Amino acid sequence: MLRTPDQYVRSLQARSLVLYVDGERVADPTVHPRVRPAINAVAATYALAHDPRTRELATAQSELTGARVNRFTHLFAQPEDLRRKLELQRVLGRLTGTCFQRCVGMDGINSLFIATFEAGGEHHERFVRWLRQVQRDDEVIDGAMTDPKGNRNQRPPQQPEHYLRVVERRPDGLVLRGAKIHQTGAANSHQILVMPGMAMRPGEEDFAVAAAMPVDAPGVTMVLGRQPSDERKGGPDAGNALYGGQEVVILFDDVLVPWERVFLDGQLPACTTLVEAFAGFHRASYGGCKPGNLDVLIGAAALLADEHGVRRASHVRDKLVEMAHLGETIHGLGLGASSKATRHESGVHQVDPLLANVCKHHVTRLPYEVVRLAEDIAGGLMATMPSLADLEHPEIGPALRTVVGSDERARALRLVEYMSYGAGSVPLRIECMHGAGSPQAQRIVLERRIDWARRVDAARRLAGLPAREGDDADDRRLDHQIAAAGQPEAAATK
Ligand SMILES: Cc1cc2nc3c(=O)[nH]c(=O)nc-3n(C[C@H](O)[C@H](O)[C@H](O)COP(=O)(O)OP(=O)(O)OC[C@H]3O[C@@H](n4cnc5c(N)ncnc54)[C@H](O)[C@@H]3O)c2cc1C
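Residues numbered from 1 in each chain as written. Predicted model: local features only at pLDDT ≥ 70, side-chain atom pairs only at ≥ 80, totals over all residues. Heavy atoms only, no water.

A. Representation of the overall build of the protein chain. When you go through the protein chain residue by residue, the secondary structure sums to 18 helices and 14 strands. By the compact-globule yardstick of 23 Å for 494 residues, the protein chain fits well, its C-alpha radius of gyration being 24 Å. In terms of its C-alpha atoms, the protein chain occupies a principal-axis envelope of roughly 80 × 65 × 50 Å. In the protein chain, which comprises 494 residues, the proportion classed as buried is 55%. Put simply, 76% of the contacts in the protein chain that link residues at least 6 apart link residues at least 24 apart. (Helix = DSSP H or I, 4+ residues; strand = E, 2+ residues; numbered from the N terminus. Rg over C-alpha atoms; globule rule 2.2 N^0.38 Å. Buried < 20%, exposed > 50% of the residue type's maximum accessible area, 1.4 Å probe, protein only. Contact = heavy atoms within 4.5 Å.)

In structure tokens:
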């Protein structure tokens, strides 16, 4: 089934979610002003699956169910699926101007397909049965990896309370305790897919768990994250009039997960595979959504430049070109990582991990420059403007309008503010920095992935230096260089 946006919203009302917002339990999240904009953003992923202009992009033929499914529940069965994912993310990023929340689940599903395949037997069979159900019901999956982690220099067994962990294994399932933080769209989801946030070592099996549960499973409590200028959501100063992102803390108070929904339980090599595969998929994903978000910010800056009469000034034109060029740089890297796909023996296609990490690394930097240039073009009023409600006031409104200018100008200023340091800056800037891993996480992978020997060998060959020991045949050296074309770099040297 391909749910419609209305069916999606109704399905959220059928849950018995335990959700707290600003210290109060929320009865119906779908009508809460702090939650609804984020639900609208997810609903856009359902709408595109029915829109004749985007149906092909937003859906795919599932080999598991034989039916057409929403792309956010689909396996990357063809290399083309990786590229289409990026294009869909760009469209949605531009359409919503925020995070539409289904990517972590999609990338998690694909990573876990690979990891459970490697774990073998019942692990994979259970996972495939679960995934069929997810595809059939067109569900939103919260990909829950990040633990609170406490002291980053201590391993999980030294501080178990800072990690989600198995506290009991019973005949009817295992019991989970702990928390996951930064959970994108969790309160708008149908299921939580918990996964380890890092590779685990021998002795850390209780932390190497991957399992699925309904968002309203007994013992699950969600608490909505507080974001700058949140209280403006739904009002005239929201900035983004239609959509919003969402981050949630999830508390797991002895949640029983039946064995049928346990996909990994202490399989350490599969757990490492899972974390590495996810990092690749998700770091490339940022080359889809973030350029889409930046399109909105660039558009708002261009709109303001028009309003201010400076659009033709050479430095403004140059700044707009620079902003667009930075967005396209990220997109190109995401597409590049996707185009150098390799097939895992499970049948899922993986991105080039080197380019995926380069893509995400640029995402931790370039959007900050785009924001800086947008703030430059917007002028100081983006930070000092009165509320748009004041502009409507019968007494002060007319005079204020002369100060602030047109509705176009006022609303574009709010949008730039929202995306620069308002509620939208969490999905945009902070998510760019930390989502899918902070910058150093990418640099670590890059150092490990880069084939240093190939580079040194290329230099030695052209400098007329003899081959190094073990690499003495000239044709072998040449092979090593030529093999680079079109292939992801193997982690040949560490
Ligand atoms: C908007 C947003 C959305 C997100 N969505 C999701 C989601 O849906 N699902 C999910 O599971 N996660 C999600 N994340 C989590 C994201 O993956 C993490 O934020 C990221 O991995 C960084 O972890 P952290 O926030 O704990 O920061 P930290 O890991 O604490 O990093 C902070 C700084 O400490 C440094 N550091 C960390 N550990 C060490 C160490 N051992 N030694 C030296 N330096 C260290 C880092 O390099 C960095 O500079 C999201 C995050 C954000 C901000």
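B. Layout of the layout of surface pockets. Approximately 340 Å³ is the volume found for the second largest pocket. Considering the residues around the second largest pocket, the lining is formed by 22 residues, among which Gly239, Asn240, Ala241, Leu242 and Leu415 are closest to the centre. Counting only elements with at least two residues in the lining of the second largest pocket, the list comes to helix H4 (79–96), helix H7 (268–307) and helix H14 (407–420). Examining the composition of the lining of the second largest pocket, we find that five residues originate from one element, H14, more than from any other. Within the lining of the second largest pocket, the residues separate by chemical class into twelve nonpolar, six polar and four charged. (1 Å grid on protein atoms, 1.4 Å probe; cavity = no way out; pocket = protein on both sides within 12 Å on 5 of 7 lines; lining within 4 Å. Points joined across faces, edges and corners; volume = space filled by probe spheres on them. Nonpolar A, V, L, I, M, F, W, Y, C, P; charged D, E, K, R; others polar.)

C. Seen up close, the packing of aromatic side chains. Throughout the structure, instances matching the rule amount to eight aromatic pairs. Relative to Phe100, the ring of Phe72 has its centre 6.1 Å away and its plane inclined at 65°; by these criteria the two rings are edge-to-face. Of this pair, Phe72 sits in the loop between strand E4 (68–70) and H4 while Phe100 sits in the loop between H4 and helix H5 (103–119), and the two are 28 residues apart along the sequence. The exposure class of Phe100 is buried, given its relative accessible area of 1%. Measuring from ring centre to ring centre gives 5.5 Å for Trp130 and Phe263, while their planes differ by 45°; the resulting arrangement is tilted. Placement of the pair is Trp130 in helix H6 (residues 121–137) and Phe263 in strand E12 (residues 262–265), with a sequence separation of 133 residues. Like Phe263, Trp130 is buried. Feature note: the residues Phe113, Phe127, Trp130 and Phe263 constitute an aromatic cluster, connected by ring pairs. A cation over a ring is seen here: Arg102 above Tyr46, with NZ or CZ 4.4 Å from the ring centre. Sitting above the plane of the Tyr286 ring, Lys360 keeps its charged end 5.3 Å from the centroid. (Phe/Tyr/Trp six-rings, centres within 6.5 Å; stacked < 30°, edge-to-face > 60°. Lys NZ or Arg CZ within 6 Å of the ring centre and 35° of its normal.)

D. The arrangement of the pattern of salt bridges in detail. Enumeration according to the criterion identifies 38 salt bridges in this entry. The partner of Asp230 in a salt bridge is Lys233, and the shortest N-O contact between them spans 3.4 Å. The same class applies to Asp230 as to Lys233, namely buried. Via salt bridges that share partners, Asp22, Arg34, Arg226, Asp230, Glu231 and Lys233 belong to a single interconnected network. (Salt bridge = Lys/Arg side-chain N within 4 Å of Asp/Glu carboxyl O.)

E. Layout of the sheet that holds strand E2 (residues 24–25). Judged by pairing direction, the sheet is mixed, and its six strands sit side by side in the order E2-E1-E10-E11-E7-E6 without closing on themselves. Edge positions in the sheet fall to E2 and strand E6 (165–170), since each of these pairs with one other strand and no more. Where strand E7 (residues 173–184) lies against strand E11 (residues 247–257), eight bridges are found, and the strand directions are antiparallel. Bridge pairing in E11 links Leu174 to Val257. (Pairing = 2+ DSSP bridges.)

F. Spotlight on empty space enclosed by the protein. For the structure shown, the criterion picks out five cavities of 30 Å³ or more. Of the pockets and cavities examined, the largest cavity occupies roughly 110 Å³. Lining the largest cavity are 13 residues; nearest its centre among them are Cys99, Cys103, His282, Cys289 and Glu431. Of all elements in the fold, only H5 and H7 reach the threshold of two or more residues within the lining of the largest cavity. Here the lining of the largest cavity gets five residues from one element, more than from any other, and that element is H7. For the lining of the largest cavity, the class distribution of residues is six nonpolar, four polar and three charged.

G. Up close: the packing of H4 against helix H8 (residues 314–339). Across the interface, H4 lies against H8 with an axial gap of 8 Å and an inter-helix angle of 160°. Between H4 and H8, the crossing angle belongs to the class labelled roughly antiparallel. Seen from above, H4 lies across H8 with right-handed handedness. Facing H4, whose interface residues are Pro79, Leu82, Arg83, Leu86 and Arg90, H8 presents Glu328, His331, Gly334, Leu335 and Ser338. Across the contact of H4 with H8, the residue classes break down as four nonpolar, three polar and three charged. (Axes fitted to C-alpha atoms, helices over the stretch in contact; angles between N-to-C directions. Parallel < 35°, antiparallel > 145°, perpendicular 65-115°, else oblique. Left-handed = near helix turned anticlockwise from the far one by under 90°.)

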